[in-house]
Amino acid sequence: MALQESGEMYLESIYVLSQTNDSIHAIDVSGYMGYSKPSVSRAMGILKKEGYITVDADGHIHLTESGISVAETMYRRHTLLTDFLTRLGVDEKIASNDACKIEHVISEESFSAIEKYMNK
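Residues numbered from 1 in each chain as written. Predicted model: local features only at pLDDT ≥ 70, side-chain atom pairs only at ≥ 80, totals over all residues. Heavy atoms only, no water.

Caption draft 1: Layout of the nonpolar core. Of all hydrophobic cores here, the largest spans 21 residues; its most connected members are Tyr10, Leu11, Ile14, Val29, Met44 and Ile53. Among the secondary structure elements, those contributing two or more residues to this core are α1 (5-18), α2 (26-33), α3 (37-49), β2 (61-63) and α4 (65-87). No other element matches the six residues that α1 contributes to this core. Apart from residues lying up to four places away in sequence, Leu11 is in contact with Leu3, Leu47, Tyr52, Ile53, Leu63, Gly67, Val70 and Ala71. Counting 10 residues, the second largest nonpolar core, distinct from the first, contains Phe84, Leu85, Ala95 and Phe111. (Core = buried A, V, L, I, M, F, W, Y, C linked by side-chain atoms within 4.5 Å. Buried < 20%, exposed > 50% of the residue type's maximum accessible area, 1.4 Å probe, protein only. Helix = DSSP H or I, 4+ residues; strand = E, 2+ residues; numbered from the N terminus. Contact = heavy atoms within 4.5 Å.)

Caption draft 2: Quick peek at the side chain of Thr82. Locating Thr82 in the fold gives a position in helix α4. Look past the residues within four positions of Thr82 in its chain and what remains in contact with it is Glu92, Ala95, Ser96 and Ala99.

Caption draft 3: Representation of the environment of His25 in the model. Examined against the element boundaries, His25 turns out to sit in the loop between α1 and α2. Counting along the chain gives 30 residues from His25 to Val55, while the straight-line C-alpha distance between them is 8.7 Å. If near-sequence neighbours (up to four positions away) are discounted, His25 is found in contact with Asp58, Gly59, His60 and Ile61. Among the polar contacts listed, one links the side chain of His25 to the backbone oxygen of Asp58, at a separation of 3.3 Å. (Polar contact = N/O pair within 3.5 Å; in protein donor to acceptor, adjacent residues only side chain to side chain.)

Caption draft 4: The packing of α1 against α4, seen in detail. Remark: α1 packs on α4, axes separated minimally by 8 Å, with the N-to-C direction vectors making an angle of 85°. What the angle tells us is that α1 and α4 run roughly perpendicular. Judged by residue contacts, Glu8, Leu11, Glu12, Tyr15 and Val16 of α1 engage Gly67, Val70, Ala71, Glu72, Met74, Tyr75 and His78 from α4. Class assignment for the residues of the contact of α1 with α4 results in seven nonpolar, two polar and three charged. (Axes fitted to C-alpha atoms, helices over the stretch in contact; angles between N-to-C directions. Parallel < 35°, antiparallel > 145°, perpendicular 65-115°, else oblique. Nonpolar A, V, L, I, M, F, W, Y, C, P; charged D, E, K, R; others polar.)

Caption draft 5: Just the packing of aromatic side chains, in detail. All told, the structure shown has three aromatic pairs when counted by the stated rule. Between Tyr15 and Tyr75, the ring centres sit 5.5 Å apart and the planes meet at 55°, which makes this aromatic pair tilted. In this pair, Tyr15 sits in helix α1 while Tyr75 sits in helix α4, placing the two residues 60 residues apart along the sequence. For Tyr15, a relative accessible area of 15% puts it in the buried group. On the accessibility criterion, Tyr75 (35% relative accessible area) is partly exposed. Taking 6.5 Å as the distance between ring centres and 90° as the angle between the ring planes, the aromatic pair formed by Phe84 and Tyr117 counts as edge-to-face. Of the two residues, Phe84 is situated in helix α4 and Tyr117 in helix α6 (residues 108-118); the sequence distance between them amounts to 33 residues. What makes Tyr117 exposed here is its relative accessible area of 53%. (Phe/Tyr/Trp six-rings, centres within 6.5 Å; stacked < 30°, edge-to-face > 60°.)

Next comes the structure, spelled out in structure tokens:
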């Protein structure tokens, strides 16, 4: 089943949180994303069922191999698109918000072209 934009956002958030914290719980994701704990818990159930995360007996959330793959892709897209837009003169906060929207719909071909351009 294809992952929806919201699922990609959750995985990216878990990935970002995991960079500074080994012990991630639903409440951490809730605080980071600004969503209610019940909404996050429901999303975690879906992501677990689809094989993107595991949750251990203590409630620690871990990305699976496929979860890491999606999360790293979204994070890479987000950071590069934010950088691209800020270099064009867009305010950093606006650039980050716009990148968050674009990262989910941009084709791999277009993203690769931007990435190639940025790495010149």
